[in-house]
Structures are given as C-alpha cells and as structure tokens.
Amino acid sequence: MDRFDGMKIFAAVVEEGGFSAAARVLRIPLPTVSRKVSELEEHLGVRLLVRTTRKVSVTESGRRYYQDTLRILNDIEAAEREVSGEFLGAKGLLTITAPELFARRHVLPVVHEVMRKHEDIAVRLIATNRVLDLDDDGVDLAVRMGELSSSALHAVRLGSMRQVICASPDYLDVVGRPSSPHDLPGRDCIGFNRWNPTESWKFLTRAGRKLEIKAAPRLTLDSAGAVVDALISIGGFAPLFLYQAAPDIAAGRLEVVLQDYEIEPVPVNMVISHPSPAPRKVVAFLECAVPSLKASLSAL
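Per chain, the residues get numbers from 1 upward, laid out in the order the sequence is written. Local features in this predicted model are restricted to residues whose pLDDT is 70 or higher, and side-chain atom pairs enter the listing and the counts only when it is 80 or higher, whereas totals over whole chains, interfaces and linings include all residues. Side-chain descriptors were evaluated using all non-hydrogen atoms of the structure, hydrogens and water having been removed beforehand.

1. So, the state of the cysteines
For step 1, the next point in the chain: Pairs of cysteine sulfur atoms within 2.5 Å are what we label disulfides. Taken as a whole, this structure holds 0 disulfides when the rule is applied.
For step 2, the next point in the chain: In this model Cys-166 remains outside any disulfide bridge; the closest cysteine sulfur is found in Cys-189, 13 Å from its own.
For step 3, the next point in the chain: Given the relative accessible area of 0%, Cys-166 is considered buried.
For step 4, the next point in the chain: Classification of Cys-189 by relative accessible area gives buried; the value is 4%. Using a 1.4 Å probe on the protein chains alone, a residue whose accessible area is under 20% of its type maximum counts as buried, one over 50% counts as exposed, and one in between counts as partly exposed.

2. What to know about the pairing of strand β9 (residues 201-204)
For step 1, the next point in the chain: Sheet analysis places β9 next to strand β10 (residues 210-213), joined by 4 bridges and oriented antiparallel. The partner of Lys-202 across the bridge, within β10, is Glu-212. By definition, two strands form a pair when at least two bridges between them are found by DSSP. Here a helix means four or more residues in a row that DSSP labels H or I, a strand means two or more in a row labelled E, and each is numbered from the N terminus.

3. Considerations on the environment of Ser-168
For step 1, the next point in the chain: Structurally, Ser-168 can be placed in the loop between β7 (163-167) and α6 (169-175).
For step 2, the next point in the chain: Overall, Ser-168 belongs to the buried group, its relative accessible area being 5%.
For step 3, the next point in the chain: Through-space distance from the C-alpha of Ser-168 to that of Glu-255 is 5.8 Å; in sequence the pair is 87 residues apart.
For step 4, the next point in the chain: Ser-168 has contacts with Leu-231, Ile-232, Gly-236, Arg-253 and Leu-254, leaving out every residue within four places of it along the chain. Contacts are assigned to residue pairs that have any heavy atoms within 4.5 Å of one another.

4. Some details on the sheet that holds strand β13 (residues 255-257)
For step 1, the next point in the chain: The strand order β12-β7-β13 describes an open sheet built from 3 strands, whose pairing is antiparallel. Bordering the open sheet on either side are β12 (238-241) and β13, each of which pairs with just one other strand. For this sheet, the mean angle separating the axes of adjacent strands, direction not counted, is 55°.
For step 2, the next point in the chain: Across the sheet, helix α8 (residues 242-250) is in contact with β7, β12 and β13; its angle to β12 comes to roughly 100°. For helices, the axis comes from a line fit to the C-alpha atoms of the stretch in contact; other axes are also lines fit to C-alpha atoms, and the angle between any two N-to-C directions lies between 0 and 180 degrees.

5. A look at a negative patch on the surface
For step 1, the next point in the chain: Only residues above 30% relative accessible area that lack a salt bridge enter a patch, with like-charged residues linked at up to 9 Å and the nonpolar side chains Val, Leu, Ile, Met, Phe, Trp and Tyr linked at up to 5 Å. Residue-level accessible areas treat just the shown protein chains as cover; the underlying method is Shrake-Rupley with a 1.4 Å probe. Salt bridge, as used here: a side-chain nitrogen of Lys or Arg that lies within 4 Å of a carboxyl oxygen of Asp or Glu. Asp and Glu are treated as the negative residues and Lys and Arg as the positive ones, with His and the ends of the chain left uncounted. Note on charges: their place is set at NZ of Lys, CZ of Arg, CG of Asp or CD of Glu. On the surface, a cluster of negative charge is contributed by Asp-133, Asp-135, Asp-136 and Asp-137.
For step 2, the next point in the chain: By secondary structure assignment, the location of Asp-137 is in the loop between β4 (121-127) and β5 (141-145).

6. Observations regarding the packing of aromatic side chains
For step 1, the next point in the chain: Any pair of Phe, Tyr and Trp rings, taking the six-membered ring for Trp, is counted once the centres come within 6.5 Å. Such a pair is stacked with planes under 30 degrees apart, edge-to-face with planes over 60 apart, and tilted for the rest. Inspection of every chain in the model, using the stated rule, returns 4 aromatic pairs.
For step 2, the next point in the chain: Plain terms: the ring middles of Phe-10 and Tyr-65 are 5.7 Å apart, the flat faces sit at 50° to each other, and that makes the pair tilted. On the criterion of sequence distance, the pair formed by Phe-10 in helix α1 (residues 3-16) and Tyr-65 in helix α4 (residues 60-83) is long-range, its members being 55 residues apart.
For step 3, the next point in the chain: On the accessibility criterion, Phe-10 (0% relative accessible area) is buried.
For step 4, the next point in the chain: An angle of 80° between the planes, with centres 5.5 Å apart, marks the rings of Tyr-171 and Phe-237 as edge-to-face. Taken together, the positions of Tyr-171 in helix α6 and Phe-237 in the loop between α7 (224-233) and β12 put the pair 66 residues apart, joining distant regions of the chain.
For step 5, the next point in the chain: Here a set of aromatic residues connected by ring pairs shows up, and it is made of Phe-102, Phe-241 and Tyr-243.

7. Quick look at the pairing of β7
For step 1, the next point in the chain: In terms of burial, β7 is largely enclosed, as 5 of its 5 residues are buried.
For step 2, the next point in the chain: Side chains Gln-163, Ile-165 and Ala-167 of β7 all project onto a buried face; the interleaved residues Val-164 and Cys-166 project onto the opposite face, where all are buried too.
For step 3, the next point in the chain: Bridging between β7 and β12 involves 4 bridges; their strand directions are antiparallel. Counterpart to Ile-165 in the pairing with β12 is Pro-239.

8. Topic: the packing of α1 against helix α2 (residues 19-26)
For step 1, the next point in the chain: Interaxial distance between α1 and α2 falls to 8 Å at its minimum, and their mutual angle equals 120°. In this structure, α1 meets α2 at a crossing whose hand is right-handed. Side by side, α1 and α2 meet where Ile-9, Ala-12, Val-13 and Glu-16 of the first sit next to Phe-19, Ala-21, Ala-22, Val-25 and Leu-26 of the second.
For step 2, the next point in the chain: Grouping the constituent residues of the contact of α1 with α2 by class yields 8 nonpolar, no polar and 1 charged. Each helix crossing is assigned a hand: it is left-handed if the near helix lies turned anticlockwise from the far helix by less than a right angle, otherwise right-handed if that turn is clockwise. The classification used treats Ala, Val, Leu, Ile, Met, Phe, Trp, Tyr, Cys and Pro as nonpolar, Asp, Glu, Lys and Arg as charged, and all other residues, Gly among them, as polar.

Structure below.
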C-alpha cells in the first residue's frame, strides 16, 4: 500500500469529521477513502477510527497517530517547497484578500512597496467583503476583521477597529442629532450587507449594558463605498467600520453620532494559510505589511 497516500486520506477523515466529507475535499471516490483507511489500519495492526451509521470517532491510538501524521505531512510539504526554491528566495504569486475599502486604502500601498523591493513577487489582491476560504480560494494571506472563526488559524494581530454610526452633517441639520440609539427607529437608515441588516444594530449603554435596536433599513447596499455615497447624497444613518468613513469624516462630509454608545472595537488580524515555516514571499510581505498596517490602524 502507499502509506503516504493513506496518511493523507486518514488525516482528511479526521479533520473533516467523516469519510464522505473527506472524499469531497480530496475529490476522490468514497469507496477509495474507506479502502485506504482500512489498508492503513491493517498495516498498523490497530483501529484508528470507530465507524457507526451516525458518525466517525477517533480512537486513542488514532489521535496519537493523527498528530504524528500531521508532523510528517508538514515536514514533507516543507521539504518539497524548499527543493522547488520557494524558501530560497522571495518569489512567486502571492494571493492576498482584504475587505473592499481596506484593501484599496491600506493594503494596496503595502503591495506596491513589496513589489518594488522584490521583483520576483507577483501579487493578486482580492478586495472583497466576502470571507474567502484560504484553501479553496488559494489565498496566502487574509486581513480579517472580527473574532477569528477558529483558534487553529495562524494569525498576526494588527490592531482593532471601531464600529461607528455615521450620517452627513447636512442631514443631521435637518432631522437633528440623535442623543440615544432609541432615536433611530423611524429615521432613514441605510443597511450594509456585511452587518447583517436584517438583524438589530448593536450598542453598549453608558452602564455597559448591551442594547439592540431594530433600525429597519429601507435601503440596503452591498458595498461600503456605496453606503458612504448614499449617506452623503441621499441622507440617513448607517453603521460602518471607521476606516470606511474616515476620509469623509476628515473632509466634513460625514459625522460620527452616538459615540457614547459604541460597541467594543473588533480585532483586526492578518491570517496566514501556510504552516511554519512560511515561504519567503509570505515572510517578505509580512515584514513590510505588519508594521505599516499596525501604524495605519493606530492612526485611525
């Protein structure tokens, strides 16, 4: 039997929680997955997995073998990349994703600096508010705002970001400035898909108590830039991350309201898809990006 192939399939079954899920991820037939794991168990002379009609669980021997398998597979992957030259120099295609406006305003200048310093690095920057899957979408690095979905993700903390409610000064001069989140219902509110506009807008009272307000937006947009344009040209209130509104706040086109009721700032992280050691192209970008993005977030 091909033990290396069997180890990869066994690790996928453990990580995906079942044979069918592993087959989908590996894109191989389900019977092949089952046969390879059975051959591996027969070779080792131990039961690695307990199969029932409802679920697959890992035995104690299986858990130990899984940890050893991960180490071996990572070592092999690292050796292959080193031989191919990926660790010898900063070169190759680097794929990065970040939220739309943050990518344009803060990540793109860093990309330009990295490409200037490293002529053998090419960059694909995906500016989107969707949270991409690092493996499925072939992403090397991702800027993520908010709590990370998994503690297993490799990440570098960049800082934090305020979440604010904005409106244009002209609109506020007409309708008045709200003194409490309870003033928002019945006003013109603009929803942003990223904020799950069908749900309540969240606040913290002065006493630290969580407060949810049904804003019921009449207009919902899927782009932060479009929300900013609508606030200025149409009028209304909208929740935004501070970086999305910062230039227009500085120019006097937007104003932050209800600052005393802001929820806690969300963490901002650079998530790394590669296990340690990372390829030189990733290291080169992090060396430039981390200090620059930390400074940008601190300035905000």
